[in-house]
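Coordinate analysis (summary)
What follows is each chain in one-letter form.
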Amino acid sequence: MASKSQNKPPLVASHSKFSGDEVTVKKRRRIGSTKLSSGPVARPQTRQAFSVVNGGQDPPPNSRPPGSSGSDAGVIEFTKEDVEALLSEKPASKNKFNYNFKEKKEQMDDCIKRLKQCVRWLRQLEGNYVTEQENLRNLLEVAEKKCSDVELLMKEKENELNSIIIKLRQNLDTLQEKHTEVELDKSEALDSLARERESKLAVEKVQASLLEELKRTQEDNASNIQKIQSLNDMYKRLQEYNTSLQQYNSRLQSELHETKETLKHVEKEKAAVVENLSTLRGHYSSLQEQLATSRDLQNEAIKQKEALASDVTSLRGDLLQIRDDRDRQLSQVQVLSTELVKYQECAGKSIAELHSFTSKMNELESTCSCQMEQIRRLQEQLAFAEKKLKLSNMSATETRSEFEEQKTFISELEDRLADAELKITEGEKLRKKLHNTILELKGNIRVFCRVRPFLSDDGVGTDTRVISVPSSTESMGRGIDVTQNGQKLSFNFDKAFMPDTSQQEVFVEISQLVQSALDGYKVCIFAYGQTGSGKTYTMMGKPESPDQRGLIPRTLEQVFETRQVLQAQGWKYEMQVSMLEIYNETIRDLLTPNKSSSDASRQENGKQYNIKHDANGNTHVSDLTVMDVRSSKEVSYLLDRAAQSRSIGKTQMNEQSSRSHFVFTLRITGFNESTDQQVQGVLNLIDLAGSERLSKSGVTGDRLKETQAINKSLSSLSDVIFALAKKEEHVPYRNSKLTYLLQPCLGGDSKTLMFVNVSPDPSSVGESLCSLRFAARVNACEIGVPRRQTSLKSNSDFRLSIG
Ligand SMILES: Nc1ncnc2c1ncn2[C@@H]1O[C@H](COP(=O)(O)OP(=O)(O)OP(=O)(O)O)[C@@H](O)[C@H]1O
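Just so you know, the residues in each chain are numbered from 1, in the order the chain's sequence is written. Restriction of local features to residues with pLDDT of at least 70 applies here, the model being predicted, together with a cutoff of 80 or more for giving and counting side-chain atom pairs; totals for whole chains, interfaces and linings are based on all residues.

Quick word on the overall build of the chain
- When you go through the chain residue by residue, the secondary structure sums to 18 helices and 14 strands.
- Put simply, a residue is buried when 20 or more other C-beta atoms lie within 10 Å of its own C-beta and exposed when 12 or fewer do; between those, it is partly exposed, and each C-beta is set from the backbone. Per-residue burial for the chain yields a buried fraction of 23% across its 803 residues.
- For the chain, restricting intrachain contacts to residue pairs at least 6 apart in sequence, the fraction spanning at least 24 positions comes to 74%. Only DSSP runs of H or I covering at least 4 residues are called helices, and only runs of E covering at least 2 are called strands; the numbering of each starts at the N terminus. The contact criterion used is a C-beta to C-beta distance within 7 Å, with each C-beta placed from the backbone.

Examining the UniProt feature "binding site: ATP" (unreviewed entry) in the chain
- Look at the UniProt record and you will see "binding site: ATP" (unreviewed entry) annotated at G529, Q530, T531, G532, S533, G534, K535 and T536.
- As for its placement among the helices and strands, G529 is situated in strand 6 (residues 522-529).
- Ignoring anything within four residues of it in the chain, the contact list for G529 reads K535, G690, V756, N757, V758 and S771.
- Residue placement: S533 occurs in the loop between strand 6 and helix 10 (535-539).
- Setting aside residues no more than four positions away along its own chain, S533 makes contact with R452, G690, N757, V758 and S759. UniProt positions are given in the numbering used here, feature names are shortened, and annotations may be inferred rather than shown by experiment.

Overview of the sheet that holds strand 2 (residues 467-468)
- Pairing between two strands is assigned when DSSP locates at least 2 bridges connecting them. In spatial order, the strands read 2-3-4; together these three strands make up an open sheet with antiparallel pairing. The open sheet terminates on both sides in strands that have one partner only, identified here as strand 2 and strand 4 (487-492).
- Here six bridges tie strand 3 (residues 479-484) to strand 4, and the two strands are oriented antiparallel to one another. Counterpart to I480 in the pairing with strand 4 is F491.
- Against the sheet, helix 18 (residues 765-779) touches strand 3 and strand 4, its axis set at about 145 degrees to strand 3. To obtain an axis, a line is fitted to C-alpha atoms, over the contacting stretch when the element is a helix, and the angle between two such axes runs from 0 to 180 degrees between their N-to-C directions.

Remarks on helix 9 (residues 503-518)
- Here the expected length of a helix is defined as 1.5 Å per residue gap, with one fewer gap than residues. Between the first and last C-alpha of helix 9 there are 22 Å, a value that for 16 residues agrees with the 22 Å anticipated at 1.5 Å per step.
- Of all the bends in helix 9, the largest measures some 45 degrees and sits at E509.
- Restricting attention to buried positions, one finds in helix 9 the residues Q503, V506, F507, I510, L513, V514, S516, A517 and L518.
- Phi turns positive one or two residues past the end of helix 9, at G520, with a value near 105 degrees. The quantity called bend is, for any residue, the angle between two axes fitted respectively to the seven residues ending at it and the seven beginning at it.

Some remarks on the packing of helix 9 against helix 11 (residues 551-567)
- Contact geometry of helix 9 with helix 11 gives a least axis separation of 10 Å together with a crossing angle of 50 degrees. Here helix 9 is positioned oblique relative to helix 11, judged by the angle of their axes. Seen along the crossing, helix 9 lies across helix 11 with a hand that is right-handed. Contacts from V506, F507, I510, S511, V514, Q515 and L518 in helix 9 reach L551, R554, T555, Q558, V559, T562 and L566 in helix 11.
- In this classification, the charged set is Asp, Glu, Lys and Arg, the nonpolar set is Ala, Val, Leu, Ile, Met, Phe, Trp, Tyr, Cys and Pro, and all remaining amino acids, among them Gly, are polar. Of the residues that constitute the contact of helix 9 with helix 11, the class distribution is eight nonpolar, five polar and one charged. Angle categories are assigned with fixed cut-offs, so that under 35 degrees is roughly parallel, over 145 is roughly antiparallel, 65 to 115 is roughly perpendicular, and the rest are oblique. Two helices that cross are described as forming a left-handed crossing if the nearer one is turned anticlockwise from the farther one by less than a right angle, and a right-handed crossing if clockwise.

Focus on the pairing of strand 13 (residues 677-687)
- Here strand 6 pairs with strand 13 via six bridges, running parallel. Within strand 13, the position partnered with I525 by the bridge is L685.
- As paired elements, strand 12 (residues 661-672) and strand 13 share 11 bridges and run antiparallel to each other. Residue pairing across strands places R667 opposite V682, the latter belonging to strand 13.
- Hairpin connection of strand 12 to strand 13: four residues between the antiparallel strands, including D676 at a positive phi of 60 degrees.

As for the nonpolar core
- To count as a nonpolar core, a set of buried Ala, Val, Leu, Ile, Met, Phe, Trp, Tyr and Cys residues must be joined through C-beta atoms within 7 Å. C449, A517, I525, Y528, M754, V756 and A775 are the most contacted members of the largest nonpolar core, which has 84 residues in total.
- For this core, the element with the most residues is helix 18, which contributes eight residues.
- Contact partners of V756, with chain neighbours within four places excluded, come to V447, C449, Y528, G529, S771, L772 and A775.

A closer look at the pairing of strand 8 (residues 586-589)
- Taken together, the four bridges between strand 7 (residues 571-583) and strand 8 define a ladder with antiparallel strand orientation. Bridge pairing in strand 8 links Y583 to T586.

Focus on the environment of I587
- Here I587 shows up in strand 8.
- The exposure class of I587 is buried, given the 23 C-beta atoms found within 10 Å.
- Considering only alpha carbons, one finds I587 and L738, 151 residues apart in sequence, at a separation of 9.8 Å.
- Discounting residues that sit within four places of it in the chain, I587 has contacts with L580, I582, Y609, V621 and K737.

Some details on the confidence of the model for the chain
- Residue-level confidence of the predictor, termed pLDDT, takes values from 0 up to 100. When pLDDT is averaged across the chain, the result is 76; 79% of the residues are at 70 or more.
- Counted against residues more than four places away or in other chains, residues 783-803, with its pLDDT under 50, gives 41 contacts.
- In the predicted complex, the global pTM is 0.50; the interface-specific ipTM is 0.98.

Some words on unusual backbone geometry
- In this structure, N485 takes a positive phi of about 50 degrees despite not being glycine.
- Inspection of the secondary structure puts N485 in the loop between strand 3 and strand 4.
- Residue N485 is classed as exposed on the basis of its 5 C-beta neighbours within 10 Å.
- Notably, D676 is not glycine yet its phi reads approximately 60 degrees, a positive angle.
- As for its placement among the helices and strands, D676 is situated in the loop between strand 12 and strand 13.
- Look at D676 and you get exposed, because 8 C-beta atoms sit within 10 Å.

Comments concerning the environment of E421
- Turning to its location among the elements, E421 is positioned in helix 8 (residues 277-442).
- Accessibility expressed as a C-beta count within 10 Å gives 14 for E421, which makes it partly exposed.

Considerations on the environment of T625
- Inspection of the secondary structure puts T625 in the loop between strand 10 (619-621) and strand 11 (627-629).
- In the structure, T625 is positioned 33 residues away from T592 in sequence and 6.3 Å away in space, judged by C-alpha atoms.
- In this structure T625 touches S578, D589, L591 and T592, once residues within four positions along its chain are discounted.

Written out as structure tokens, the structure is:
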């Protein structure tokens, strides 16, 4: 039985398995189902695995997972169990003995097919996993990057917000502090107001009591005054009574005296009577009786007098008492008056205090109202600040987002700027290279011919033309024809300027060389020709007339203008000027400070003026004045100074004009901070001495020797130029000052331009021919780069035959 069941076809086994246990099937874990559901490939798919694995037989409909009604009929899926079942599947045969190979093969084929499908499915699944994994990884990286960016951004924003919140909190704190201070001030002010009100009430009470007391005192005073008045009246009455008593007393005294007088009279009469007593005894008894009655009367009078005296004493005591009372009352009145005055003063003070308290109170009330107003304002400010805070919070977020946008915009712009700068730098390098290549193609040594117009003092009429424009189109603009003794000789150069060519037109042709000097090359432009042929006119021109300014002023203008333009690209230039004159192997510094003529010559003699070349091929003349210049105006001033110095020198040395070489040197040092580039250019502008025919000069002796020497040095110039340009070892006239000075300008990358100036004067046609032959020889120099062919036919005789 066991073997039977083992040999059962997988279909039956699978079928029975699935139909037997629906829950198990539903719960069965699907390989990759979790992953597939999250990735792009993981769409909910309807499985048909069983039909494939189980040889095309579907499991019973109730054993299918929910939703697998067959919408994705083409997709095949396997579960782990399916795969395991497939792997552990063994060939089934209904009967061991009926084992049919064909059937077995079919089964095997079927199994292999299913296995292949399973393997394909697994591979596809694996591929999906890998791509999904990669996608997820990428997504994860992007998300992580984003997350870190967002985190950074958030941190920055948080920091900014924190700083703003701190600032606002500080503002709020200060405002709250101010508010509490104001509140404190306000409470203090209210307290002091209450205190002042209390004190005011107390003062008012005191004032009322004082007023009552004052009233009472005034009433007392009035009653006292009445008392005093009644006492005064009594005193008056008593005085009157006293006076009447005194009058009575005096009357009694007078009566007593009269009585005494009468008594005496009586006693006298008694004596008379006693005498008469005897006689009159009778009479005596009557008299005795009279005497007794008189005595009684006297006693009565004495008694009356004593009673009156006691009355007077008692009245006197009364008077004294009344006086004492009066004095007491008076002193009481005085005390009361002083008290009254005091009370009045006190009342005045109280009133003043009351006034001051009232004014203080008013002040305090106004301060209080001010403070209230301040508090109100502060509260308004606080509300406004809070509003502002809210607004600023809102605007801060807006600003922050704007700031972020701006930042990204700026960074973009910066990138673009950096790119542009890089492009500019590269473009500038390219421009330099191209410019140089163009100039090299044109020739590092070029020769321009310039024919000056007829002048009034030219010997022959203008109709006799010895110099003419060539007829061939090939030579147009670069050749001239010279007619001598009926023979026409043609000369071709890089450029030929006819008499009507303006200074500007000539300058346009050399302006590229000026740019080369700023690019860091050595440039040398010199004018060669017979005396009066227009060399000085070409180099210097007529500075007083702007149209006729020569190459030197125009060159300087361009140098300083270009320097300005290049400054925007980060270039900084330093310029140094020196000017010298060579006369018969003597160098004269044209920029030494002005001195008297004798001093100048002595000074000149003391100086060495040795010419030296350094490792970089730069020429230095010892003791020569070198001036820093910042503008073309400064150079113009120095040129004027040099011209002045030249004319002084000529007068001092009794020199004929035009017999010296004038050398103007401008050293250009440029540095670019942004690209860290450095350039050193030199611009030499030379007005050579004019060659002269000895037959015409009419000089003799030492002067003749000098002229011969100058002519010789000029005639040898072509040999020198040739040798230097070809970098030959042997340079003729090496020790000649002019040769030595020109040496660095004629080799390597240096650019040299020679003007051959010719005069159209028929009387000097021989000299013109000499100059042209010389120039043709220089023109024939080839330096490094191919030059167009010079028509050498007529330039065959290069040698100058001056003198
Ligand atoms: N292209 C020109 N247009 C007008 N005038 C000119 C021209 N060239 C020269 N001249 C005039 O010719 C005269 C002589 O010129 P210039 O002094 O420049 O000659 P030079 O070659 O320098 O002479 P030297 O060798 O004796 O110094 C001057 O008066 C000058 O103004």
